[in-house]
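Each chain, written out:
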Amino acid sequence: MNSLNVEASGKGKIAVELTPEEALALTGVKFNGNPEVKAEASRKIRKAFEKAFDFQYQDRLD
């Protein structure tokens, strides 16, 4: 399943659709046969954040 469903609410929450294997990989379970499972889950979450929130970085004052 490679779909990505993102729903941003006014409370700063997002929802990301993960496969059961991806969810387990994010909890620390190792998939020796397919190490890309955790990487794919992380990509989905990163992509959801980019779509849901507008990150604006301020210049730091030193």
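Here, every reference points to the structure presented above.
Residues numbered from 1 in each chain as written. Predicted model: local features only at pLDDT ≥ 70, side-chain atom pairs only at ≥ 80, totals over all residues. Heavy atoms only, no water.

K.L.:
What am I meant to see in the environment of G28 here?
P.N.:
When you line up the elements, G28 lands in the loop between α1 (20-26) and α2 (36-52). For G28, a relative accessible area of 42% gives the class partly exposed. (Helix = DSSP H or I, 4+ residues; strand = E, 2+ residues; numbered from the N terminus. Buried < 20%, exposed > 50% of the residue type's maximum accessible area, 1.4 Å probe, protein only.)

K.L.:
What am I meant to see in α2 here?
P.N.:
Because an α-helix packs 3.6 residues into every turn, residues spaced three or four apart end up facing the same way. For α2, spanning 17 residues, the distance from its first C-alpha to its last is 24 Å, which sits close to the expected 24 Å at 1.5 Å a residue. Here α2 has its buried residues at V37, A41, K44 and A48. For α2, the angular spread of buried residues about the axis comes to 55°, placing them on one side. (Expected span 1.5 Å × (residues − 1). Arc of directions from axis to C-beta.)

K.L.:
Honestly, the pattern of salt bridges in this entry has me stumped. Any pointers?
P.N.:
Where charged atoms from two side chains of opposite charge approach closely, those side chains can pair. Under the counting rule described, the total for this entry stands at three salt bridges. With a closest N to O distance of 3.0 Å, K44 and E22 form a salt bridge. Residue K44 is located in helix α2, and its partner E22 is located in helix α1; the two are separated by 22 residues in the primary sequence. With relative accessibility at 4%, the residue K44 sits in the buried group. The exposure class assigned to E22 is buried, which follows from its relative accessible area of 5%. (Salt bridge = Lys/Arg side-chain N within 4 Å of Asp/Glu carboxyl O.)

K.L.:
Where do I start with the environment of V37 in this structure?
P.N.:
Summarising the element assignment, V37 is placed in helix α2. Note on V37: relative accessible area 10%, which makes it buried. Separated by 15 residues in sequence, V37 and E22 place their C-alpha atoms 5.5 Å apart. Beyond its immediate chain neighbours, meaning those up to four positions away, V37 contacts E21, E22, A25 and F31. (Contact = heavy atoms within 4.5 Å.)

Treat this as a map of the structure, not an account of what it does.
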